[in-house]
Amino acid sequence: MEQNRVSQRWTWLGAILLIVGFLGHYFAARAIGGSYIAYRDHILGFFLILVVTGAIIAGLGWRFWKGRRDITVLIIGLVQALVGIWVYIGRYNVHG
């Protein structure tokens, strides 16, 4: 039973980190003008990064930690949060 609870915690943490990554893209688009194009590009960028890194991490998970979907979700969420924060910080370098 304890193993199931730890698994849920890692999964929830991964989901929260995914939301943090999404918000990084969202607030970066908002900070650079909030136009339709800015939102479109940042949100599509989030999902493109999610698909590419998610596929790579899921493949690694299938190979190295089979059956531990919680770890896979956690790592995907961590990568997305780091990229989202990097994109948000990078908005200061946009010259328009």
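For clarity, every value in this text was computed on a predicted model and none was experimentally measured.

Colleague: In this structure, what is going on with a nonpolar patch on the surface? I would like to understand it.
Modeller: A contiguous nonpolar patch, built from I16, I19, V20, L23, F27, I85, Y88, I89 and Y92 and spanning about 820 Å² of accessible area, is present on the exposed surface. Of all the secondary-structure elements, those providing two or more residues to the nonpolar patch are helix 1 (2–31) and helix 3 (69–90). In terms of residue count, the dominant contributor to the nonpolar patch is helix 1 (5 residues). Mapped onto the elements of the fold, I19 is located in helix 1.

Colleague: What am I meant to see in the side chain of T72 here?
Modeller: Within the secondary structure layout, T72 lies in helix 3. Taking relative accessible area as the criterion, T72 reaches 14% and is therefore assigned buried. Not counting the four nearest positions on each side in its chain, T72 is found in contact with I57, A58, G61 and W65.

Colleague: When you look at the packing of aromatic side chains in this model, what are you seeing that I'm missing?
Modeller: Aromatic ring pairs are reported here in terms of the distance separating the ring centres and the angle at which the planes meet. Under the criterion given, the structure shown has 4 aromatic pairs. For the pair Y26 and Y39, a centre-to-centre distance of 5.4 Å together with 35 degrees between the ring planes defines the contact as tilted. Residue Y26 is found in helix 1, and its partner Y39 is found in helix 2 (residues 36–64); the two are separated by 13 residues along the sequence. With relative accessibility at 28%, the residue Y26 sits in the partly exposed group. Joined through ring pairs, the aromatic side chains of F22, F46 and F47 make up one cluster. Positioned above the aromatic ring of F64, the side-chain terminus of R63 is 5.6 Å from the ring centre.

Procedures and definitions
Position numbers for residues start from 1 in each chain and track the written sequence from start to end. Residue-level local features of this predicted model are given only where pLDDT is at least 70; pairs of side-chain atoms are given and counted only at 80 or more, and the full residue set underlies all totals for whole chains, interfaces and linings. No hydrogens and no water enter the side-chain calculation; it runs on all heavy atoms of the structure. Residues qualify for a patch when their relative accessible area is over 30% and they have no salt bridge, like charges being joined within 9 Å and the nonpolar side chains of Val, Leu, Ile, Met, Phe, Trp and Tyr within 5 Å. To measure how exposed things are, a 1.4 Å probe is used in the Shrake-Rupley method; for residues, cover is taken only from the protein chains shown. Only one rule defines a salt bridge in this text: a Lys or Arg side-chain nitrogen within 4 Å of an Asp or Glu carboxyl oxygen. Secondary structure elements follow DSSP: runs of H or I of four or more residues count as helices, runs of E of two or more count as strands, with numbering from the N terminus. Exposure categories follow from relative accessible area, calculated using a 1.4 Å probe and restricted to protein chains: below 20% of the type maximum is buried, above 50% is exposed, and the middle band is partly exposed. Contact criterion: two residues are considered in contact whenever any of their non-hydrogen atoms come within 4.5 Å of each other. Here the aromatic set is Phe, Tyr and Trp, taking the six-membered ring for Trp, and pairing holds for ring centres within 6.5 Å; pairs whose planes are under 30 degrees apart are stacked, those over 60 apart are edge-to-face, and all others are tilted. A ring is considered to have a charge above it if a Lys NZ or an Arg CZ atom is located within 6 Å of its centre and within 35 degrees of its normal.

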